[in-house]
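An overview of the molecular structure
Given next are the chains, with one letter for each unit.
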Amino acid sequence: MDPKLNERLRALLAEVLEVTLAPGEVTRASLAQWDSLNHLRVVVAVEEEFSLRLEVDEVTSIASLADLETVVAGKLAAAA
Amino acid sequence: MNLSSGSMAGGVEDEIASWQATRRFLATLPRAADLRKARIRGGRVLRLRCDRSLPFEYVAGFLDPFLATWGARHEIEYSGYDPGLTGVETRSTADLRILFLDWRLHLGQLSPEDAARWARTRLQAALRAGEGRAPVLINDWPDCDALNRELRQVVQATPGALLIGAHAVAQEMGTDPFDARNDAVSRFPFSNQAAVALARHLALDLFPPLTGERIKAVVLDLDDTLWKGVLGEDGAAGIRVLPGHQRLQEKLRRLKERGVLLAVCSRNDPTDVERAFAARSDLGLALNDFASVRVGWTPKAQALGDIARDLNIHPSAMLFIDDNGAELARARAAHGGLRILLADPEGAETAAALGHFPGLFPVAADVAAALRTADIQANREREKLRGTAGANLAAYLAALKMQVEINVGRRSDAPRLYELSQKTNQFNLGLARISPAQAAEAFGAKSLVMTVSLKDALSDSGLVGAIVAAVEGKVATVREVVFSCRVLGRDIETLALWRFCGRLAARGVAEVRFAVAEGPRNKPARDWLARILPEGTQASLALLTARLQGAQGHPAAITEVVHGPEAE
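Residues numbered from 1 in each chain as written. Chains lettered and ligands numbered in written order. Predicted model: local features only at pLDDT ≥ 70, side-chain atom pairs only at ≥ 80, totals over all residues. Heavy atoms only, no water.

Attention shifts here to the overall build of chain A. Tallying secondary structure elements over chain A gives four helices and zero strands in all. Ordered by position in the sequence, the α and β elements of chain A form the string α-α-α-α. Relative to its length of 80 residues, chain A is compact, with a C-alpha radius of gyration of 12 Å against a globular reference of 12 Å. The dimensions of chain A, computed from C-alpha atoms along their principal axes, are 35 × 25 × 20 Å. Buried positions account for 42% of the 80 residues belonging to chain A. Put simply, 52% of the contacts in chain A that link residues at least 6 apart link residues at least 24 apart. In the structure as shown, chain A presents an accessible area of about 4100 Å², 55% of it carried by carbon and sulfur atoms. The positive charge centre, built from 7 side chains, and the negative charge centre, built from 14, are 1 Å apart in chain A. (Helix = DSSP H or I, 4+ residues; strand = E, 2+ residues; numbered from the N terminus. Rg over C-alpha atoms; globule rule 2.2 N^0.38 Å. Buried < 20%, exposed > 50% of the residue type's maximum accessible area, 1.4 Å probe, protein only. Contact = heavy atoms within 4.5 Å. Areas by Shrake-Rupley, 256 points an atom, 1.4 Å probe, with all protein chains shown as cover. Lys, Arg positive; Asp, Glu negative; His and termini not counted. Charge placed at Lys NZ, Arg CZ, Asp CG, Glu CD.)

In structure tokens:
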């Protein structure tokens with residue numbers, strides 16, 4: 001994985017959720033602000049940032065920053 | 001990004017760049033990503049309460065960048081998700097209440113007529129919970145013509161209720177407002193751009209007029225604003241009316257039809273301007289569409305003051321549009337609160353920005369709209385008559401051949417009473433600023449409402465004033481004395497109060513108390529009452545009537561009609 005992608009997604013997540021993220025893995029279960037309401041906000045922000053579109057199953061599969069990174073990396077690779 | 005105040009540390013060039021950005025922001029629907037990055041702090045707080053069966057949060061997240069254009073931001077309290085909207089009965093001190101409904105949940109079970117009838121009960125409950133002061137907004141639904149038609153009727157028949165035009169917003173976007181992915185993920189059926197467009201509709205169209213931010217007059221420069229080119233150099237034949245200018249002029253014409261006054265403030269030769277309007281058939285406006293025309297070599301900041309006096313409004317109720325940033329800066333420095341818009345010399349962006357300029361959206365039909373421009377133009381003739389009469393006020397009043405129509409308890413005047421309460425500043429004694437619901441309630445059995453219409457030899461001014469009192473036993477508390485500034489100087493308000501005393505006497509009232517509030521601009525009303533009752537704000541009806549005896553000699557022809565129970 002591109003370490004810069006992780007950094008960009010981490011920064012975006014922190015910006016949308018208005019939180020300071022501790023180093024390491026971030027999961028929806030461990031972060032109260034990443035609730036179902038804000039999940040769509042995160043998805044929309046990611047879509048705008050990377051000019052891509054996530055489908056329903058992709059959105060619902062994301063339970064952590066790592067998942068998000070996997071989905072976005074896959075989309076970017078497919079588009080390349 | 002504030003249209004009326006604030007200054008940039010970087011000087012006029014930075015200010016101009018900021019005004020260009022603001023114009024573009026108003027003229028085009030911003031991207032969600034751009035709004036997300038905006039951080040808004042400070043400003044007047046609008047308190048909202050949202051009862052919903054849809055997640056309004058996606059819309060609310062985009063409100064503040066739009067609100068910031070008129071110096072506001074929002075705080076919001078939410079109900080739980082409840083298709084039945086039982087939470088609307090919760091008392092709230094919110095400034096505005098929003099009912100945000102997923103109409104798909106209802107239309108499967110109810111006909112559009114029944115759904116709208118149910119909406120009426122929820123609106124009425126929300127209005128009661130807001131004690132009639134907080135307007136209640138309810139959304140319609142894109143591409144649901146039958147429901148939307150029914151909802152419009154319900155809202156029109158419910159004072160204090162307003163429609164959030166989701167259908168109109170979707171039509172203006174021109175793209176599909178729905179997003180099945182968002183719906184599946186979060187039960188939010190709209191696209192991100194539709195969420196932005198709804199936020200813009202709320203924050204720029206609906207909220208400003210509901211919270212006192214109203215623009216009464218649009219003042220325009222001419223060269224490179226209303227047309228392309230410089231009249232003094234290019235001549236009437238040389239100036240160009242581009243498609244953008246045609247759209248702008250059409251938009252201005254529609255604003256005028258809705259009651260917004262138009263004025264011209266231009267550094268030009270007056271004869272050149274008259275010739276240009278006469279010669280150019282492609283101009284969508286005639287010179288007499290403008291209630292005030294100030295053309296000449298007077299500095300514009302000074303001319304704007306003259307226009308404010310012509311129109312008898314405060315400069316803070318005016319929007320000044322000019323292509324010259326330095327002129328805008330000087331105008332704003334001279335007139336606190338003046339709204340400004342940097343004109344696009346091609347016209348197109350100016351026209352588009354006016355479409356969502358805060359304070360210009362018509363939230364309610366303007367009852368007096370058709371009469372206003374002609375009445376203000378007639379005021380110039382009145383000034384000439386006044387000058388001719390010299391110190392003889394009676395001769396001036398007689399020369400006007402005034403006809404005053406007084407109506408007592410006419411319920412159909414409630415919308416105009418609301419307008420007068422909200423819009424008048426100089427002659428507004430109590431500054432009660434009543435809501436539409438309160439205006440309707442004022443016609444109840446424990447109140448006395450008198451409305452006053454005026455015509456004279458020069459124009460029909462329409463319904464120009466009202467007096468409202470709560471009557472309890474032998475005591476009347478006068479809560480509203482409101483008169484349009486267009487009719488001041490003709491002693492109509494004194495005449496009306498004298499007649500009002502007659503009605504109070506018929507109700508057995510012995511004592512009259514006036515609710516008086518001190519506002520920044522209502523000194524004329526307070527001084528008027530102080531001249532009648534120098535000893536205070538309450539008096540016996542007998543004393544008050546005696547002080548008003550002089551009104552008997554007023555030369556106006558008066559008709560008085562009593563409606564409803566008062567007539568019996």
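Let's shift gears to the pairing of strand 8 (residues 292-295) of chain B. All names here are of chain B. In the sheet, strand 7 (residues 261-266) pairs with strand 8 via four bridges, with the strands oriented parallel. Its bridge partner lying in strand 8, serine 266 is registered against valine 295. Handedness of the strand 7-helix 13 (residues 270-279)-strand 8 crossover: right-handed. (Pairing = 2+ DSSP bridges. Right-handed = clockwise from strand over helix to strand, strands pointing away.)

Further remarks concern the interface of chain B and chain A. Contact with chain B, which involves 17 residues of that partner, is made by 17 residues of chain A. At the boundary of chain B with chain A, total buried surface from both sides reaches about 1500 Å², with 54% on carbon and sulfur atoms. Across the contact surface, chain B and chain A share two salt bridges. Across the pair A:Arg53 and B:Asp179 runs a salt bridge whose closest N-O atoms are separated by 2.8 Å. For the interface between chain B and chain A, the tally reads six residue pairs in polar contact (both at pLDDT 80 or more). (Buried area = accessible area lost by both parts, 1.4 Å probe. Salt bridge = Lys/Arg side-chain N within 4 Å of Asp/Glu carboxyl O. Polar contact = N/O pair within 3.5 Å; in protein donor to acceptor, adjacent residues only side chain to side chain.)

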